[in-house]
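# What the coordinates show
This is what each chain is made of:
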Amino acid sequence: MTKQMYCVACPLGCFITVEYDDTGILNVTGNTCKRGIDYARTEMTNPTRSLTSTIRVIGGKRAVIPCKSHEPLPKNMMFDCMKEINKARVKAPAKIGDVLIPDILGTGIDIVATDNCD
Amino acid sequence: MKYDLVVIGGGPAGMAAALKAKEEGVEKIVILERDVRLGGILNQCIHTGFGLHYFKEELSGPEYAQRFAKQVAETDIDVMLDTMVIDIDDDNNVTAMNNRDGLIKIEATAIILAMGCRERPRGALFMAGTRPSGVMTAGTAQKYVNMDGYMPGKKIVILGSGDIGLIMARRMTLEGAEVKMVCEIMPYSGGLTRNIVQCLNDFNIPLYLSTTVIATHGRERLEGVTIAKVDERLNPIPGTEEYVECDTLMLSVGLIPENELTKDAGISIDRITRGAVVDELRATEKKGVFACGNVLQVHDLVDFVTLESYLAGKGAAKYIKNPAAFDDAVYVKTTTGNGVGYIVPQRVNIKTDEDVKLYFRVRQVYKNARVILEVDGETVSNKKKIKLAPGEMEDVTIPKEIIEKMTDKSEISVRVEA
Ligand SMILES: Cc1cc2nc3c(=O)[nH]c(=O)nc-3n(C[C@H](O)[C@H](O)[C@H](O)COP(=O)(O)OP(=O)(O)OC[C@H]3O[C@@H](n4cnc5c(N)ncnc54)[C@H](O)[C@@H]3O)c2cc1C
Ligand code: SF4
């Protein structure tokens, strides 16, 4: 069996073909670099994506502070994570790298600030 | 006031150019920025994907910008915020204004233009119908959501498949809005493939190619739009009209370099890039004035903005040390051959002692094509490309050994062979 996909690990966006059977992946072609193989592997088993959003700020100079998942999250948990992010509040000040939501929904992945806010 | 170097614009381009000039030994540098903080457009681009090439990390826009802002703060580069430049005169005197000091005159030896670009507004499109609220550029919507923290609408149609529109399709969907579709008038997408995959396909948002919005409906607030297919000449095809209910229409139909200052200063502009005509150090045709970043050519990747800005910073430093060196430059034009829309730089000083990278965009999508660089009719490089698209900037390099042999009669050209 084969599956085709675009690697989104970098802006090049290689068109990758994965050959697989019941035992797993047999061959990956079309990738320009090694990261393409890793991408294909996670995409076949547990697709993940980086999540970015904003969290409301209390008592700061701006209404919201941007944030990201420190590592990619399982793709099927995006909307559940968004609910948590929309519920959360952050007290100013905050700075880049601050953990705003630790271990979101038990994934082991933190939501961290990506900008400074006084 | 007197400065060796005045940098206009404090986005990634201005910051990188100033930092490079400092590193090259330029003493008095000032960055003039009309916004209240450094960082430019990146401050509102909260998605990740910046700096993959340059920092080998996937950073968000503000993170990328703040890395440079921090470096700037660690130097003695002056920064004037809330300060808008309004004029550059024949002798490189810069006029700016702000609330504190009113009108400011600065004598500059060299100037770097780094004003970025702005989005093409609705006025630039042909669209019939009313003018209700709810029609905005994707970048404006991005500012509303990411900086001001409010949602501009619930049911959204996006016109244009530029990266900003694609990024906003995902952002609005994650925030609970319904993004009905992205319409693209061209037969191909204007954005990066990765953005089509991550922002549309992941959320099952349809992308309709060769489709445009021909009318808007609604009195106070937008209530819907009429879309239609277009023919090869981009004219709407009668009978293909379709009404789509929506309260927001986002436009992502291209970016225009912000070159009013440049034009007023009498600097020649390339008809295609809409940026200044420059050489390999990003020197414009006006002595001592350099340009880099989105004001020179619209970039998709900030990493390339940074690299280009280092060239301009280096060029300005070279000029400040010895302006006369620029008097004996011998320029050869770069010529666009088959399939190539534009090349930056538009000309190369053959006295350079370094390899020169030519950045270009193709005019249409090609599969399994070759990119051929020729100097004086001889092939310098001939590279196979699996895919070429107007949405993605390409480059080829002229090695210095080849440039050494060139004369003022030489010809440089880049073309695509399907
Ligand atoms: C919405 C959007 C999304 C993007 N997404 C990505 C992405 O995912 N990945 C990626 O790598 N790249 C992305 N880019 C591209 C990248 O962000 C830009 O190429 C980069 O920010 C351009 O930098 P710049 O410094 O040339 O321009 P800008 O960032 O626009 O900075 C120009 C600065 O000049 C100032 N200015 C203008 N005129 C004056 C004046 N007269 N006086 C004083 N100051 C002035 C402006 O206020 C601004 O701060 C995106 C761009 C946009 C617009
Ligand atoms: S395979 Fe490598 S080069 Fe190609 S898109 Fe993926 S990460 Fe980029």
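Within each chain, residue numbers correspond to sequence positions counted from 1 in written order. Chain letters start at A and ligand numbers start at 1, both assigned in the order the entries are written. Residues qualify for local features only when their pLDDT is at least 70, as the model is predicted, and side-chain atom pairs are given and counted only at 80 or more; totals for whole chains, interfaces and linings, by contrast, use all residues. Hydrogens and water molecules were not included; the side-chain quantities draw on all heavy atoms of the structure.

What follows concerns the overall build of chain A. Of regular secondary structure, chain A possesses 2 helices and 10 strands. Ordered by position from N to C terminus, the α and β elements of chain A give β-β-β-α-β-β-β-β-α-β-β-β. Restricting the calculation to C-alpha atoms gives the radius of gyration, and the globule rule supplies 2.2 Å times the number of residues raised to the power 0.38. Relative to its length of 118 residues, chain A is extended, with a C-alpha radius of gyration of 18 Å against a globular reference of 13 Å. Across the 118 residues of chain A, 42% fall into the buried class. For chain A, the computed accessible surface area is about 6300 Å², with 52% contributed by carbon and sulfur atoms. Secondary structure elements follow DSSP: runs of H or I of four or more residues count as helices, runs of E of two or more count as strands, with numbering from the N terminus. Only protein chains enter the accessibility calculation, which uses a 1.4 Å probe. A residue is then buried if its area is under 20% of the maximum for its type, exposed if over 50%, and partly exposed in between. Method for areas: the Shrake-Rupley scheme with a 1.4 Å probe, in which residue coverage is limited to the protein chains shown.

With that settled, the discussion passes to the overall build of chain B. Assigned secondary structure in chain B consists of 8 helices and 28 strands. Against the 2.2 N^0.38 benchmark of 22 Å for 418 residues, chain B shows a C-alpha radius of gyration of 22 Å, consistent with a compact globule. Counting across all 418 residues of chain B, residues that qualify as buried make up 58%. Residue contacts follow a heavy-atom distance rule, with two residues in contact if any of their heavy atoms lie within 4.5 Å. In chain B, of all internal contacts separated by at least 6 residues, the share reaching a separation of at least 24 is 61%.

A few words on the nonpolar core. Core analysis: the largest hydrophobic core is formed by 42 residues, its most contacted members being Leu51(A), Ile55(A), Ile65(A), Ile85(A), Met172(B) and Met250(B). Examining the composition of this core, we find that 6 residues originate from one element, helix 4 (residues 163–174) of chain B, more than from any other. Beyond its immediate sequence surroundings of up to four residues, Met172(B) is in contact with Val145(B), Met151(B), Pro152(B), Gly153(B), Ile156(B), Ala177(B), Val179(B) and Met250(B). For the purposes of this section, nonpolar cores are sets of buried Ala, Val, Leu, Ile, Met, Phe, Trp, Tyr and Cys residues that join through side-chain atoms within 4.5 Å. Formed by 39 residues, the second largest nonpolar core is a distinct cluster that contains Leu19(B), Leu42(B), Ala65(B) and Tyr310(B).

Below, the discussion takes up the site of ligand 1. All names here are of chain B. Whether a residue is near a molecule or strand depends on its heavy atoms: if one lies within 4 Å, it is near. Taken together, 32 residues surround ligand 1, and among them Ala 13, Glu 33, His 47, Asn 294 and Val 302 come closest. Definition of a polar contact: a pair of N or O atoms within 3.5 Å, with one able to donate and the other able to accept a hydrogen when the atoms are protein atoms, and with sequence-neighbouring residues admitted only if both atoms are side-chain atoms. A distance of 3.0 Å is found between a nitrogen atom of ligand 1 and a backbone nitrogen or oxygen belonging to Asp 300. Summarising the interface, the protein chains cover 93% of the accessible area of ligand 1, which totals 990 Å² for the free molecule. Contributing elements (two or more residues each) for the shell around ligand 1: helix 1 (12–23), strand 3 (48–50), strand 6 (84–88) and helix 7 (302–321). Think of it as three bins: nonpolar holds Ala, Val, Leu, Ile, Met, Phe, Trp, Tyr, Cys and Pro, charged holds Asp, Glu, Lys and Arg, and polar takes everything else, Gly as well. Residues of the shell around ligand 1, tallied by class, amount to 17 nonpolar, 12 polar and 3 charged.

Bringing the domain arrangement of chain A into the picture now. Reports often express the size of an interface as the amount of accessible area lost when the parts come together. For the domain bounds, the source is a domain assignment made automatically or taken from a database. Structurally, chain A comprises domain 1 (2–45) and domain 2 (52–113). Each of domain 1 of chain A and domain 2 of chain A has a C-alpha centre, and these two points are 30 Å apart.

Another point: the site of ligand 2. Residues in contact with ligand 2, as listed here, are Cys7(A), Ala9(A), Cys10(A), Leu12(A), Gly13(A), Cys14(A), Asn31(A), Thr32(A), Cys33(A), Arg35(A) and Gly36(A). By residue class, the composition of the shell around ligand 2 is 6 nonpolar, 4 polar and 1 charged.

Now for the environment of Val6(B). Residue and element names in this part refer to chain B. Within the element layout of this structure, Val 6 appears in strand 1 (residues 2–8). Considered as a pair, Val 6 and Val 30 are 24 residues apart in the sequence and their alpha carbons are 5.1 Å apart. Aside from chain neighbours lying at most four places away, what touches Val 6 is Val 30, Leu 32, Val 94, Ile 106, Ala 108, Ala 110, Ile 111 and Ile 112.

Quick look at the sheet that holds strand 5 (residues 52–58) of chain A now. Residues and elements named next belong to chain A. Overall, mixed pairing links the 5 strands, which are arranged 8-5-6-10-9 in an open sheet. Every interior strand has two partners, whereas the edge strands, strand 8 (89–91) and strand 9 (99–101), have only one. On average, each strand axis in the sheet is inclined to that of its neighbour by 45°, with strand direction left out of account. Two strands pair under a simple rule: DSSP has to find at least two bridges between them. With 3 bridges joining them, strand 6 (residues 64–69) and strand 10 (residues 111–113) adopt antiparallel strand pairing. Its bridge partner lying in strand 10, Cys 67 is registered against Ala 113. All axes are obtained by fitting lines to C-alpha atoms, using only the stretch in contact for helices, and the reported angles, taken between N-to-C directions, cover 0 to 180 degrees.

This part is about the sheet that holds strand 21 (residues 331–336) of chain B. All names here are of chain B. What the 5 strands build is an open sheet, ordered 23-21-28-25-26; its pairing is mixed. Sheet topology places strand 23 (347–349) and strand 26 (378–388) at the edges, where each strand pairs with a single neighbour. Strand-to-strand twist in this sheet, taken as the mean axis angle between neighbours without regard to direction, amounts to 20°. Direction of pairing for strand 21 relative to strand 23: antiparallel, over a ladder of 3 bridges.

Moving on, we get to the side chain of Thr173(B). Looking at the element boundaries, Thr173(B) is found in helix 4. Residue class for Thr173(B) comes out buried when judged on its relative accessible area of 12%. Of the polar contacts made by the side chain of Thr173(B), one reaches the backbone oxygen of Ala169(B); its length is 2.6 Å. Leave out the neighbours within four places in its chain, and Thr173(B) touches Phe79(A), Val179(B), Phe203(B) and Ile205(B).

The subject of this paragraph is the packing of aromatic side chains. Residue and element names in this part refer to chain B. Two rings from Phe, Tyr or Trp (for Trp, the six-membered ring) form a pair when their centres sit within 6.5 Å of each other. Planes less than 30 degrees apart are called stacked, planes more than 60 degrees apart edge-to-face, and all others tilted. Scanning the model with the defined rule gives 13 aromatic pairs over all chains in all. With a centroid separation of 6.0 Å and an interplanar angle of 90°, the aromatic rings of Phe 290 and Phe 326 are classed as edge-to-face. Highlighted residues: Phe 290 in strand 20 (residues 289–291) and Phe 326 in the loop between helix 7 and strand 21, separated in sequence by 36 residues. Overall, Phe 290 belongs to the buried group, its relative accessible area being 0%. For Phe 326, a relative accessible area of 14% puts it in the buried group. Judged by centre distance (6.2 Å) and plane angle (55°), the rings of Phe 304 and Tyr 359 are tilted. Taken together, the residues span a long stretch of sequence, with Phe 304 in helix 7 and Tyr 359 in strand 24 (residues 356–362) at a distance of 55 residues. Tyr 359 carries the same exposure label as Phe 304, and that label is buried. What links up through ring pairs into an aromatic cluster is the set Tyr 54, Phe 55, Tyr 64, Phe 68 and Tyr 310. Working rule: Lys NZ or Arg CZ, within 6 Å of ring centre, within 35 degrees of ring normal, means a charge sits over the ring. Looking at Lys 28, its charged tip hangs above the ring of Tyr 3, at a distance of 4.4 Å from the centre. Stacked on the ring of Tyr 331, the Lys or Arg Arg 347 has its end atom at 3.6 Å from the ring centre.

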